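Summary of the model geometry
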Amino acid sequence: MIWSKEETLSRREIEEIQLGRLKETVSRVYEKVAPYRAKMDAAGVKPEHIVSLKDLSKLPFVTKQDMRDNYPYGLFAVGMDELNRIHASSGTTGKPTVVGYTKEDVRIWTECVSRIACMGGATRKDIAQICFGYGMFTGALGLHYGLENIGATVIPSSTGNSEKQIMYMKDFGTTLLVATPSYALRLAEVAKGMGIDPGKDLKIKTGLLGSELLTESMRAEMHKVWGEDMLVTSNYGMSELMGPGVSGECDRLCGMHVNEDYFIPEIIDPVSGEVLPEGEKGELVITCIKKDALPLIRYRTKDITRLFYEPCACGRTFCRMENLSGRTDDMLKIRGVNVFPGQIEEVVLSFSELGPHYEIVVEREGYSDKLTVRVELVKSTDSFSELSELTQRIRNKLRIILGLDAKVQLESPNTLQRFEGKAKRVKDLRSNKE
């Protein structure tokens, strides 16, 4: 189901909307946001210089550090009396990034998530269980409002107490699951431990997954435990931009449609900052062109993807972003080689003897980096020869994919840590990571 007519506009119509809203946003930000006005002045750019969409590249970038430097409200374009809601990041790596919403921002947020939910397979007949943590995190309330808006019944179960989550699914007849991919797999594991087959004994037919990278191997793992008929779709957003609702997959599973009438995406070279041609992979940059409280311009997301502009077979004409390859700040440099956690996940999930849970440990011994991949067996075995042979096969495949050698540490079933929110797979124990 396509939620709104805007999703099927022609490219010319989309770009007309984008240019009009971009001009208005740049003028308003220049007038009302002093730190951004200073950035524009330093770059020699004035609002009147923006006469086409190509002029977007003249504008300076905004980063998470800018938000921290102007904590909490320095980048807001409205006064406190106009705010309807405040959210914030966890702030685990510094001061939290604070985001605000006017009443109109909340309305637009709800509209964007309604589109994403419909793209991802949700309907008004669904009973949707939201297993995101409620609170300052935008994911839970964002999906909550969007799903209610399309008419679905919402169970705001949050995270934790996984046995009770399964009880709700069984007793309430849940048909749609909102969760991170890792927590969705954890719930399936808990269900099996309770003697419940997720694919046969529960009614879930749609997984609306987000807040975490969803690889194709992870999608296949979801089908393995929740059933082959389950529609597993990924959606994308971040608190700084809005929350969920920036883009999402449709049932054709050929990329995530960007809500282009509210966001302008670019792909840049993460080192030089130069805009890359269509179809090339690089860092995603997003400009918010219809936000009152926090209208970020050219926000560097650090996410790695690429864009495609041909219309989708589903009927939507918005451009699509490829499912993420990783993040520039998640990349590990090990003995001169760039390693993304997603590459390791692909290898782990390609072995039927291994479960989907893993941990990456990087240490420095002397002047050399040491990479260890801890993986979990599906079934225990005392056969030394079997374990040795499996370890070697995993090491060989990691060497081919990564271009470097890694130690593989096999763990017993149910040994590695499980996560209810975003999974934390990497432990970088090097004191100097350069």
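Summary of the structure given here.

Right, let's get into the pattern of salt bridges. It is possible for side chains bearing opposite charge to pair when their charged atoms get close. Within the structure shown, the criterion is met by 38 salt bridges. With a shortest N-O distance of 3.6 Å, Arg320 and Glu310 are connected by a salt bridge. On the criterion of sequence distance, the pair formed by Arg320 in strand E14 (residues 320–321) and Glu310 in the loop between strand E13 (307–308) and E14 is long-range, its members being ten residues apart. By sharing partners, the salt bridges in this structure join Arg186, Glu189, Glu376 and Arg418 into a single network.

One can find Glu283 in strand E11 (residues 282–288). Judged by relative accessible area, Glu283 falls into the buried class, the value being 1%. A polar contact of 2.6 Å, which involves the side chain of Glu283, links it to the side chain of Arg300. Within polar-contact distance, the side chain of Glu283 engages the backbone nitrogen of Lys302 at 3.1 Å. In contact with Glu283, other than residues within four places in its own chain, are Glu266, Ile267, Ile268, Pro270, Arg300, Thr301, Lys302, Asp303 and Ile304.

Attention now goes to the nonpolar core. Where a protein is soluble and globular, its nonpolar side chains tend to be buried together. Core analysis: the biggest nonpolar cluster contains 66 residues, and Leu59, Leu147 and Phe263 have the highest contact counts within it. No other element matches helix H4 (residues 103–119), which puts seven residues into this core. Counting residues in each nonpolar core, the second largest holds 24 residues, with Ala179, Tyr183, Ile204 and Met230 among its members.

It is worth spelling out the environment of Val408 at this point. The topology assignment puts Val408 in strand E20 (residues 407–411). C-alpha of Val408 to C-alpha of Arg393: the two residues are 15 residues apart in sequence and 9.9 Å apart in space. Val408 has contacts with Val373, Val375, Thr391, Ile394, Arg395 and Leu398, leaving out every residue within four places of it along the chain.

This next bit is on the sheet that holds strand E18 (residues 354–365). Strand order across the open sheet formed by four strands is E20-E19-E18-E21, with mixed pairing between neighbours. With partners counted over all chains shown, the strands left at the sheet margins are E20 and strand E21 (426–428), one partner each. Strand-to-strand, the axes of this sheet are offset by a mean angle of 20°, without reference to chain direction. In terms of strand pairing, strand E19 (residues 368–377) meets E20 through five bridges, oriented parallel. Bridge pairing in E20 links Arg374 to Gln409. Together, E18, E19 and E21 form the strand contacts of helix H10 (residues 341–348), whose direction differs from that of E18 by roughly 135°.

Okay, the environment of Arg425 next. Summarising the element assignment, Arg425 is placed in the loop between E20 and E21. Arg425 gets classed as buried once you look at its relative accessible area, which sits at 9%. For the pair Arg425 and Val373, spaced 52 residues apart in sequence, the C-alpha to C-alpha distance is 9.9 Å. Leaving out residues up to four positions away in the same chain, Arg425 has contacts with Ser182, Met218, Pro356, His357, Tyr358, Glu359, Ile360 and Phe419.

To continue, consider the packing of aromatic side chains. In the structure shown here, the tally under the stated rule is four aromatic pairs. On the numbers, 5.5 Å between centres and 85° between planes, the contact of Phe132 with Phe137 is edge-to-face. Summarising the aromatic geometry, the rings of Tyr168 and Phe172 are spaced 5.1 Å apart at their centres and angled 15° between planes, so their arrangement reads as stacked. Of the two residues, Tyr168 and Phe172 both sit in helix H6 (residues 162–172), four residues apart, roughly one turn of that helix. Taking relative accessible area as the criterion, Phe172 reaches 43% and is therefore assigned partly exposed.

Bringing helix H9 (residues 216–226) into the picture now. Counting buried positions along H9 gives eight out of eleven residues, so the element sits mostly inside the fold. Just downstream of H9, Gly227 is the residue with a positive phi angle, here 115°.

Further remarks concern the sheet that holds strand E15 (residues 326–327). Strand order across the open sheet formed by four strands is E10-E11-E12-E15, with antiparallel pairing between neighbours. With partners counted over all chains shown, the strands left at the sheet margins are strand E10 (263–268) and E15, one partner each. Sheet topology places strand E12 (residues 299–305) next to E15; two bridges connect them, and they run antiparallel. Across the sheet, residue Asp303 finds its bridge partner in E15, namely Arg327.

Relative to each other, helix H7 (residues 181–193) and H9 sit at 25°, their axes nearing to 10 Å. By the angle between their axes, H7 is roughly parallel relative to H9. The two elements H7 and H9 meet at a crossing, and its hand is left-handed. Across the interface between the two elements, Pro181, Ala184, Leu185, Leu187, Ala188 and Lys192 of H7 pack against Met218, Glu221, Met222, Val225 and Trp226 of H9. Taken together, the residues of the contact of H7 with H9 sort by class into nine nonpolar, no polar and two charged.

The omega torsion across Tyr71 and Pro72 is -5°, close enough to zero to call that bond cis. Assignment of secondary structure puts Pro72 in the loop between helix H3 (64–69) and strand E1 (85–88). Positioned with a positive phi, Asn161 is a non-glycine residue whose angle comes to about 50°. Among the structural elements, Asn161 can be located in the loop between strand E4 (153–155) and H6. Residue classification places Asn161 among the partly exposed residues on the basis of a relative accessible area of 45%. Positive phi is not limited to glycine here, since Arg335 has a value of about 50°. Note on placement: Arg335 falls in the loop between strand E16 (332–334) and strand E17 (337–339). By relative accessible area, Arg335 is classed as partly exposed at 39%.

Calculation criteria
Residues numbered from 1 in each chain as written. Predicted model: local features only at pLDDT ≥ 70, side-chain atom pairs only at ≥ 80, totals over all residues. Heavy atoms only, no water. Salt bridge = Lys/Arg side-chain N within 4 Å of Asp/Glu carboxyl O. Helix = DSSP H or I, 4+ residues; strand = E, 2+ residues; numbered from the N terminus. Buried < 20%, exposed > 50% of the residue type's maximum accessible area, 1.4 Å probe, protein only. Polar contact = N/O pair within 3.5 Å; in protein donor to acceptor, adjacent residues only side chain to side chain. Contact = heavy atoms within 4.5 Å. Core = buried A, V, L, I, M, F, W, Y, C linked by side-chain atoms within 4.5 Å. Pairing = 2+ DSSP bridges. Axes fitted to C-alpha atoms, helices over the stretch in contact; angles between N-to-C directions. Phe/Tyr/Trp six-rings, centres within 6.5 Å; stacked < 30°, edge-to-face > 60°. Parallel < 35°, antiparallel > 145°, perpendicular 65-115°, else oblique. Left-handed = near helix turned anticlockwise from the far one by under 90°. Nonpolar A, V, L, I, M, F, W, Y, C, P; charged D, E, K, R; others polar.

Bear in mind that shape data such as this cannot, by itself, settle questions of function.
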